[in-house]
Amino acid sequence: MSASLPSSATQPITTAAHKTKRRRSAIRLGDRSLGLLGIVGFLLLWELLPAAGLVSSAYLSPPTQVAEAIWQLAGNGDLLKHVAASLQRSLWGLALAITLGVTLGLLMGWFQRLEVVIDPILQLFRQTSALALFPVFILFFGIGELSKVAIIFWASFWPVLLSTISGVKQVDQLLINSARSMGASQRFVFTKVVLPAASPSIFTGIRLAGAYCVTALVAAEMIGAHSGLGFLTLNSQEVFQIPTMYAGILLLASVGLALNYVLALLEKRLTRWRKGLTLNG
């Protein structure tokens, strides 16, 4: 018969676990409060600088005017139009970059000869700025949506590719040799050992690509665009609608934050096994 611990022995362990959990929750809540305090302080400073005359409101619109501009955009339907156009371009470019970048990165990281053949060409193209290639994209794809998606794809592709290659190469060789010694096939080793072990690095590249795609969005909407947050920001600057210009900048930042949050949530869900390894370690 197996002996069980008395309840008096397990109670201290349970109490300690609850105390640790409460302490961690309190720390997280404190960090969030400090972050919120920083945002509030920044907005107050932004509001006070033009009001005090330290900066002209013609060049730095206070947050109240920016919020009013966003409200007007939402009221006349322009906000939804610009956000939808930017999201469509960004997501298409990012999706293509992730698909091609992860696929090619896995192949180059796993097959050394393939990397030797392709890497010199990729290194040459990697040094070429997306802005420098914008005339080429317009020449081949015109000034429509395809050229805008192409420049976003180009800017987002490289962090995904390089992080994927690095992730595959940094997989512990002991794990691979152990799986092979037990008779595992190449396909099993690749899908069950290499791919999970490389996933943290892959997601790092994907999140970097999410930031790059929002940055490239402004450049993509510089030419031939009649909608989008980048177009809204640049057009507002040209007609000197400064509150609307700042509204476009804030909306672009919000899209970037939302995209990063979604990618981080996706990473957390697809790499839940890392939490168990951390706890065991």
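None of the values given here were measured: they were computed from a predicted structure. Within every chain, residues take consecutive numbers counted from 1 along the sequence as written. Predicted model: local features are reported for residues with pLDDT of at least 70 only, side-chain atom pairs are reported and counted for 80 or more only, and whole-chain, interface and lining totals are derived from all residues. The side-chain quantities take in all heavy atoms of the structure and omit both hydrogens and water.

Looking at the overall build of the chain
What counts as a helix is a DSSP run of H or I of at least four residues, what counts as a strand is a run of E of at least two, and both are numbered from the N terminus. Counting its secondary structure elements, the chain contains eleven helices and zero strands. Along the chain direction, N to C, the helices and strands of the chain fall in the order α-α-α-α-α-α-α-α-α-α-α. Three exposure classes are used, based on accessible area relative to the maximum for each residue type with a 1.4 Å probe and protein chains only: buried under 20%, partly exposed in between, and exposed over 50%. Burial analysis of the chain (281 residues in total) assigns 35% to the buried set. By the convention used here, residues are in contact when the closest approach between their heavy atoms is within 4.5 Å. Excluding contacts between residues fewer than 6 apart, the proportion of contacts in the chain whose partners are at least 24 apart in sequence is 72%. For the area figures, the Shrake-Rupley method with a 1.4 Å probe applies, and any residue is considered shielded solely by the protein chains shown. Working note: accessible area of the chain is about 17700 Å², and carbon and sulfur atoms make up 67% of it.

Structural notes on the nonpolar core
Each nonpolar core is a collection of buried residues, namely Ala, Val, Leu, Ile, Met, Phe, Trp, Tyr and Cys, held together in the definition by side-chain atoms within 4.5 Å. Of all hydrophobic cores here, the largest spans 51 residues; its most connected members are Ile151, Leu161 and Val194. Within the residue set of this core, elements represented by two or more residues are α3 (78-110), α5 (134-141), α6 (145-169), α7 (173-181), α8 (186-220), α9 (229-238) and α10 (242-270). Ignoring anything within four residues of it in the chain, the contact list for isoleucine 151 reads Ala130, Leu131, Phe134, Phe137, Ala216, Ala219 and Ala220. Counting eight residues, the second largest nonpolar core, distinct from the first, contains Leu60, Met245, Tyr246 and Ala247.

As for the UniProt feature "transmembrane region" (unreviewed entry) in the chain
UniProt positions are given in the numbering used here, feature names are shortened, and annotations may be inferred rather than shown by experiment. Within this structure's numbering, the places UniProt gives as "transmembrane region" (unreviewed entry) are residues 29-49, 91-112, 124-143 and 244-266. In the segment residues 124-143, helix accounts for 55% and strand for 0%; the C-alpha atoms at its two ends are 26 Å apart.

With respect to the confidence of the model for the chain
pLDDT measures how confident the predictor is about each residue, on a scale from 0 to 100. Averaged over all residues, the pLDDT of the chain equals 83, while 84% of them reach at least 70. Per-element averaging of pLDDT across the chain places helix α11 (residues 273-280) at the bottom with 53 and α3 at the top with 93.

Some words on a nonpolar patch on the surface
The patches described consist of residues with a relative accessible area above 30% and no salt bridge, like charges being joined within 9 Å and nonpolar side chains (Val, Leu, Ile, Met, Phe, Trp, Tyr) within 5 Å. Salt-bridge detection follows one rule: a side-chain nitrogen of Lys or Arg within 4 Å of a carboxyl oxygen of Asp or Glu. Residues Val136, Leu139, Phe140, Phe141 and Leu146 make up a contiguous nonpolar surface patch of about 550 Å² in total accessible area. If one sorts the elements of the nonpolar patch by residue count, α5 sits on top with four residues. You can see leucine 139 is positioned in helix α5.

Some words on α8
Helices are assigned an expected span. That span is 1.5 Å times one less than the residue count. Here α8 contains 35 residues, and its C-alpha end-to-end distance of 42 Å is more than 12% below the 51 Å for a straight helix at 1.5 Å per residue. What is called the bend at a residue is the angle between a pair of axes, fitted to the seven residues leading up to and ending at it and to the seven starting from it. Within α8, the axis deviates most sharply at serine 199, by approximately 50 degrees, and proline proline 200 lies no more than four positions further along.

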